[in-house]
Amino acid sequence: TGVALLGVISAICSAEGWYSTHFVFLAYAAGAATIAWCNQLYGDFVAMGISALGSCVAIITWRKNLRKHKVKTRYLTWKGWLLIFTCFLILGAAVFICMTSTNAHLPILNTLVLGLVISAEWLFTLRYCESYILYFFGDLLLTLTWALSSNWILAFTCVLNMVFEIYGLFNWRKLARRENT
């Protein structure tokens, strides 16, 4: 229950564009990674670790850019989407081979979740608004993963996160319009 609460708080902070989201997420990632490991959801375990690493990078990057007042929202071009999709396919193939060789539970879902979370975390760290779209689909698959593992609290947390990700997408676009005026 505590892990679920941290996940929701992290999603709220993220949707508001708050810097503190990364600190809250680190605590959430530690708890969710432990639960994922116990359920043999190795993709989710790795996703939480990579997301925690991404949060650490984001903390450093945002602090550096805040001092220079350079934190701006960006948008992907079609070339950016193509790059994300290509990396997703290459990473997905490698991860799927690892998942099947370790007898991971739900290897296809874990592979998709891991690819989406890594892509979303990378985009979020670089302040791309589209990160919320990838987070949304990642949480949609995570909802299914946790439901199939009978962990209803974390499945419900992912549903709440999806609501905040929709809000976050619109809020970041609103903030970007203010930055440009």
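Our subject is the structure listed above.
No experiment lies behind these values; they were computed from the predicted model shown.

**A closer look at the overall build of the protein**
Within the protein, the secondary structure is distributed over seven helices and zero strands. Of the regular secondary structure in the protein, the N- to C-terminal order runs α-α-α-α-α-α-α. Sorting the 181 residues of the protein into buried and exposed places 48% on the buried side. With the model as given, the accessible surface of the protein reaches about 9,400 Å², and the carbon-plus-sulfur share is 73%.

**Looking at the packing of aromatic side chains**
Two descriptors summarise a pair of aromatic rings, namely the distance from one centre to the other and the angle between the planes of the rings. Applying the stated rule across the entire model yields one aromatic pair. Ring centres of Phe136 and Phe137 lie 5.5 Å apart, and the angle between their planes is 85°; this geometry places the pair in the edge-to-face category.

**Quick word on the environment of Glu121**
Among the structural elements, Glu121 can be located in helix H5 (residues 107-125). For the pair Glu121 and Tyr132, spaced 11 residues apart in sequence, the C-alpha separation works out to 9.4 Å. Beyond its immediate chain neighbours, meaning those up to four positions away, Glu121 contacts Ser51, Gly54, Ser55 and Tyr135.

**Some details on empty space enclosed by the protein**
Within this structure, the stated rule accounts for one cavity of 30 Å³ or more. In this model, the largest cavity occupies a volume close to 330 Å³. If you trace the largest cavity, you find 21 residues lining it, with Ser10, Phe25, Tyr135, Asp139 and Glu165 closest to the centre. Those elements that provide at least two residues to the lining of the largest cavity are helix H1 (2-15), helix H2 (21-38), helix H3 (42-68), H5, helix H6 (131-148) and helix H7 (152-180).

**Notes on a positive patch on the surface**
Together, Arg173, Lys174, Arg177 and Arg178 make up a region of like positive charge exposed at the surface. Summarising the element assignment, Arg173 is placed in helix H7.

Calculation notes
- Residues numbered from 1 in each chain as written.
- Predicted model: local features only at pLDDT ≥ 70, side-chain atom pairs only at ≥ 80, totals over all residues.
- Heavy atoms only, no water.
- Helix = DSSP H or I, 4+ residues; strand = E, 2+ residues; numbered from the N terminus.
- Buried < 20%, exposed > 50% of the residue type's maximum accessible area, 1.4 Å probe, protein only.
- Areas by Shrake-Rupley, 256 points an atom, 1.4 Å probe, with all protein chains shown as cover.
- Phe/Tyr/Trp six-rings, centres within 6.5 Å; stacked < 30°, edge-to-face > 60°.
- Contact = heavy atoms within 4.5 Å.
- 1 Å grid on protein atoms, 1.4 Å probe; cavity = no way out; pocket = protein on both sides within 12 Å on 5 of 7 lines; lining within 4 Å.
- Points joined across faces, edges and corners; volume = space filled by probe spheres on them.
- Patch = residues over 30% accessible without salt bridge, like charges linked within 9 Å, V, L, I, M, F, W, Y side chains within 5 Å.
- Salt bridge = Lys/Arg side-chain N within 4 Å of Asp/Glu carboxyl O.
- Lys, Arg positive; Asp, Glu negative; His and termini not counted.
- Charge placed at Lys NZ, Arg CZ, Asp CG, Glu CD.

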